[in-house]
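# Examining the three-dimensional arrangement
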Amino acid sequence: MTLRLLMLGAAVAASSAVAAPRGLTVEDLVTLERVGAPVLSPDASRAVYTVRSTDMDKNRGHTNIWMVDLRGTKSAPAVFVSDASSSTDPEWSPKGDAVYFLSSRSGSSQVWRQPAAGGAPVQVTNLPLDVDNFRVSPSGDRIALSMAVFRDCADLACTEARLKEQAKNKASGKVYDRLFVRHWDTWNDGRNAVLFSAALDNKGVVTGTPVSLSGSLDGDVPSKPFGDREEYRFSPDGKTVVFAARIAGKTEAWSTNFDLYSVPAAGGGAPRNLTQDNPAWDTKAVFSPDGRTLAYLAMARPGFEADRYQIMLMDVASGAKRKLAADWDRSAGGLQWAADGKSLVVDAEDIGQHRLFRIEVASGKITPLTDKGSIGGFDVRGNTVAYSLATLNSPAQLYSAKLAGGKPQQLTTNNTDKLADVRFGEFEQFSFKGAGGDTVYGYVMKPWNATPGAKYPVAFLVHGGPQGSFGNAWSYRWNPQIYAGAGYAAVFIDFHGSTGYGQKFTDAISGDWGGKPLEDLQKGLAAAVEKFPWLDRERSCALGASYGGYMMNWIEGNWPDGFKCIVNHDGVFDTRGMAYSTEEQWFTDWESGGPYFTVPENHERFNPVHHVNKWKTPMLVVQGDLDFRIPTAQGLSTFTALQRKGIESKFLMFPDENHWVLKPANSVLWHHTVIDWLDHYLKR
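Calculation notes
- Residues numbered from 1 in each chain as written.
- Predicted model: local features only at pLDDT ≥ 70, side-chain atom pairs only at ≥ 80, totals over all residues.
- Heavy atoms only, no water.
- Helix = DSSP H or I, 4+ residues; strand = E, 2+ residues; numbered from the N terminus.
- Rg over C-alpha atoms; globule rule 2.2 N^0.38 Å.
- Buried < 20%, exposed > 50% of the residue type's maximum accessible area, 1.4 Å probe, protein only.
- Contact = heavy atoms within 4.5 Å.
- Pairing = 2+ DSSP bridges.
- Axes fitted to C-alpha atoms, helices over the stretch in contact; angles between N-to-C directions.
- Phe/Tyr/Trp six-rings, centres within 6.5 Å; stacked < 30°, edge-to-face > 60°.
- Lys NZ or Arg CZ within 6 Å of the ring centre and 35° of its normal.
- Salt bridge = Lys/Arg side-chain N within 4 Å of Asp/Glu carboxyl O.
- Parallel < 35°, antiparallel > 145°, perpendicular 65-115°, else oblique.
- Nonpolar A, V, L, I, M, F, W, Y, C, P; charged D, E, K, R; others polar.
- Expected span 1.5 Å × (residues − 1).
- Polar contact = N/O pair within 3.5 Å; in protein donor to acceptor, adjacent residues only side chain to side chain.
- Core = buried A, V, L, I, M, F, W, Y, C linked by side-chain atoms within 4.5 Å.
- Disulfide = S-S within 2.5 Å.

## A closer look at the overall build of the chain
If you tally the helices and strands in the chain, you get 12 helices and 39 strands. Its C-alpha radius of gyration of 26 Å places the chain within 12% of the 26 Å reference for a compact globule of 684 residues. Dimensions along the principal axes, computed over C-alpha positions, put the chain at roughly 85 × 70 × 60 Å. In the chain, buried positions account for 55% of the 684 residues. Intrachain contacts of the chain at a sequence separation of at least 6 include 58% that bridge at least 24 residues.

## Points about the side chain of R113
Secondary-structure assignment places R113 in strand β8 (residues 110–115). When its relative accessible area of 17% is taken as the criterion, R113 is described as buried. Ignoring sequence-local partners within four residues, the contact set of R113 consists of S93, D97, A98, V99, Y100, F101, A120, P121, V122, V124, K203 and G204.

## Brief notes about the sheet that holds strand β38 (residues 619–624)
Here we have 8 strands laid out as an open sheet, ordered β32-β33-β35-β34-β36-β37-β38-β39, and mixed in their pairing. Looking along the sheet, the strands with just one partner apiece sit at the ends: β32 (427–433) and β39 (649–654). Recorded for the sheet is a direction-independent mean angle of 20 degrees between the axes of neighbouring strands. Summarising the sheet, strand β36 (residues 535–545) and strand β37 (residues 565–569) pair through 5 bridges and their orientation is parallel. Residue pairing for β37: A545 is matched across the bridge by H569. The sheet strands contacting helix α6 (residues 516–531) are β32, β33 (439–445), β34 (456–462), β35 (489–494) and β36, and the helix crosses β32 at an angle near 120 degrees.

## Remarks on unusual backbone geometry
Residue F180 follows L179 across a cis peptide bond; omega there is 0 degrees. In this fold, F180 is placed in the loop between α3 (156–168) and β12 (182–183). With phi around 60 degrees, W184 is a residue other than glycine that occupies positive phi space. Residue position: W184 is located in the loop between β12 and β13 (186–187). Residue W184 is classed as buried on the basis of its relative accessible area, which comes to 6%.

## Looking at the packing of aromatic side chains
Counting across every chain of the model gives 36 aromatic pairs. Measuring from ring centre to ring centre gives 6.4 Å for F460 and W559, while their planes differ by 90 degrees; the resulting arrangement is edge-to-face. Of this pair, F460 sits in strand β34 while W559 sits in the loop between α7 (547–558) and β37, and the two are 99 residues apart along the sequence. Exposure remark for W559: the relative accessible area of 14% places this residue in the buried category. A centroid spacing of 5.4 Å and a plane angle of 20 degrees characterise the contact between F639 and F651, whose relative ring orientation is stacked. Here F639, found in helix α11 (residues 632–644), pairs with F651, found in strand β39; they are 12 residues apart in sequence, far enough to count as distant. Members of the aromatic cluster, joined through ring pairs, are F495, W513, Y547, Y550, W554, F587 and F606. Residue placement shows R229 over the ring face of F134; its charged tip is 5.6 Å from the ring centre.

## Points about the pattern of salt bridges
Summed over the entire model, instances satisfying the criterion amount to 27 salt bridges. Between D679 and K683 there is a salt bridge, with its nearest N and O atoms 3.8 Å apart. Accessibility expressed as a relative area gives 25% for D679, which makes it partly exposed. One connected set of salt bridges, linked through shared partners, spans R22, D28 and D421.

## As for the packing of α6 against α7
Viewed as axis vectors pointing N to C, α6 and α7 meet at an angle of 75 degrees, and their least axial separation amounts to 11 Å. With respect to their mutual orientation, α6 and α7 come out roughly perpendicular. Residues P517, L518, L521 and Q522 of α6 form the contact with α7, whose own contacting residues are Y547, M551, W554, I555 and N558. Taken together, the residues of the contact of α6 with α7 sort by class into 7 nonpolar, 2 polar and no charged.

## Observations regarding the sheet that holds strand β18 (residues 258–264)
Working definition: the strands of a sheet are paired by backbone hydrogen bonds and lie parallel or antiparallel to each other. The strand order β16-β17-β18-β19 describes an open sheet built from 4 strands, whose pairing is antiparallel. Edge positions in the sheet fall to β16 (232–234) and β19 (272–273), since each has one partner strand and no second.

## Overview of α3
The periodicity of an α-helix, 3.6 residues per turn, causes residues three or four positions apart to be oriented the same way. Taking 1.5 Å per residue, 13 residues should reach 18 Å; α3 reaches 19 Å between its end C-alpha atoms and fits that length. For α3, the N-terminal cap is D155; the gap from its side-chain oxygen to the backbone nitrogen of A157 is 3.3 Å.

## A few points about the nonpolar core
Ranked by internal contacts, the top residues of the largest apolar core, which has 49 residues, are F460, V491, L535 and M551. Not counting the four nearest positions on each side in its chain, L535 is found in contact with V444, K455, Y456, V458, A489, V491, A528 and V529. Formed by 43 residues, the second largest nonpolar core is a distinct cluster that contains L32, V422, A484 and V674.

## Topic: the pairing of strand β15 (residues 206–212)
Here strand β14 (residues 192–200) runs beside β15; their pairing, made up of 4 bridges, is antiparallel. Its bridge partner lying in β15, L200 is registered against V206.

## Here's the deal with the state of the cysteines
This model, assessed by the stated rule, comprises 2 disulfides. The disulfide that involves C153 links it to C158, with 2.0 Å between the sulfurs. Judged by the sign of its S-S torsion, about -55 degrees, the bond between C153 and C158 is left-handed. Residue C158 is classed as partly exposed on the basis of its relative accessible area of 25%.

## What about the pairing of strand β7 (residues 98–103)?
Within β7, 6 of the 6 residues are buried, which leaves the element mostly enclosed by the surrounding structure. Side chains A98, Y100 and L102 of β7 all project onto a buried face; the interleaved residues V99, F101 and S103 project onto the opposite face, where all are buried too. In this sheet, β7 lies alongside strand β6 (residues 87–92) in antiparallel orientation, the contact comprising 4 bridges. Each bridged residue has a counterpart across the sheet, and for T88 the counterpart in β7 is L102. Hairpin connection of β6 to β7: 5 residues between the antiparallel strands, including G96 at a positive phi of 80 degrees. Linking two consecutive strands that pair antiparallel, namely β7 and β8, is a turn of 6 residues; a positive phi of about 110 degrees is found at G107 within it.

## Considering α11
Helix length check: α11 (13 residues) gives 18 Å between terminal C-alpha atoms against 18 Å at 1.5 Å per residue, within 8%. Within α11 the residues assigned to the buried category are T632, Q634, G635, T638, F639, A641 and L642. Where α11 is buried, its residues touch α7, β37, α8 (575–581), β38 and β39.

Set out below in structure tokens:
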């Protein structure tokens, strides 16, 4: 009896130990399931979505397609498509009887089709090249798809043969006569992303040879590096495709002039430019349900990637255009029509949140559909909207709601078991008077185990972009909960230049990288310390990537007594070197009012390299060698300056990462290296 009691007591103790509260760890973050955007069936009765899991042994993610019933039944979400190869990009057939998706299970990326009732998937395309993305026609008889091809090739077999020939060539040199020679993390191999279409038979399988829709244009459809199928759409009758493209020529690296083109879906006609009157960015066109109106997003200023996206309405018959909700000072992210054609559903950043809104076409009246948190993707069918929503204390989950209003229904509960014993750090948004007396917003987050009366060291996070935001969202790279889980308080400020506060506020950083943003950061941290006495200002480190990394270098020389340590990830060290080596030249041109050779004084005004003589704060420098946005020389130069000055410093270099750290093992190493750096200076 005594032995049984002892064994029972040990079991209870072990159970209690497992269930004891704890903070979020790096390993938790990297291995969480990642829920993708929902795709509603035509009758809005079901939704499919992707779930990405992490295979640490293989050091990669793996994606399956799941399905959830929205009809009020008690059935739980279930795996719909599963294979050793990932399955992505689900799209319903127009009848709702099947789901199309991309998979490499045949040895290359092709389109597959699986009956909604279950059963074996059928291969839809069997092409000699990878299919990168696709969209099925509303009429169900045609598919649009994008593939990387040599534009001077007459057919797909030519591209296939040329790639094989290049692989046999022992000489590795390549000759270029225009930019881009490389983009994001990839060297240009001479191919373009070209949009094709192909007929589907009555079983939903491609028959015949795909025809080119965009190949006559010198450009990529969709755009590189992050364009997707949101950049092209069928008309409701399936007879027309509208897509966005930028003509490359010799100016692609400093142009943001994307136009919308219309082309017959079956091919045989030249693309017709619909937005030639606007020399700035036009994209994401969506036909109204009756096909008479085209809604799309348009920027007004050429060369500026962070201009406000104004919603435009074009009469398809006449080409006449008008602005919708012209006075709404927010930049729309995506567009979808309501079924009756009387309103649009859009997403936009809004004062530290990323929300859904409904906009009436006739009046421009704007109605918020969501409140706190950040929308990651959404879909609209009938009177139903489904969306993914994340917050600072929750990875993305799926919800559905009625456009007419009512309480949202949560559809997924991924990671509930994994996070059952995790206690997240409490967070709060605050505001203060920043540069010029403007109201500036930020967030603070407590450590997971904060107790009243205690003070905690501070991780001061600075976002990149610079036209970006650290708002009420979940991140897998810069997540404040990781610092809260390690015993730190986190502070992050949406300084001048941040998005979601009106275009004037976003514009304020251009030409002033080291001015108002630094003042906001200084005032914001001071305001946070005054408002939240549990922040230990004397034990604080600053961290940032991209523009945030630039700010780390700027802080080194212009706020040299501000912090005990600094973490600089892919940050700009020398603005002249950046101007001549970054791939997207329009960015540095706009931010400094022109290319370096015309206005060198503008580029040099806030150049960190001129202040190295004042550097003294220990710095961890991180660099991805495949980062062509802020090339490796910038990180090496930073580390060299630190070492030559005898400043405590370390250099973490990833030969296989770009501007982001994406591989699971690398992410674990990155996080632990960063936390160890903070621990060394703030907890000893």
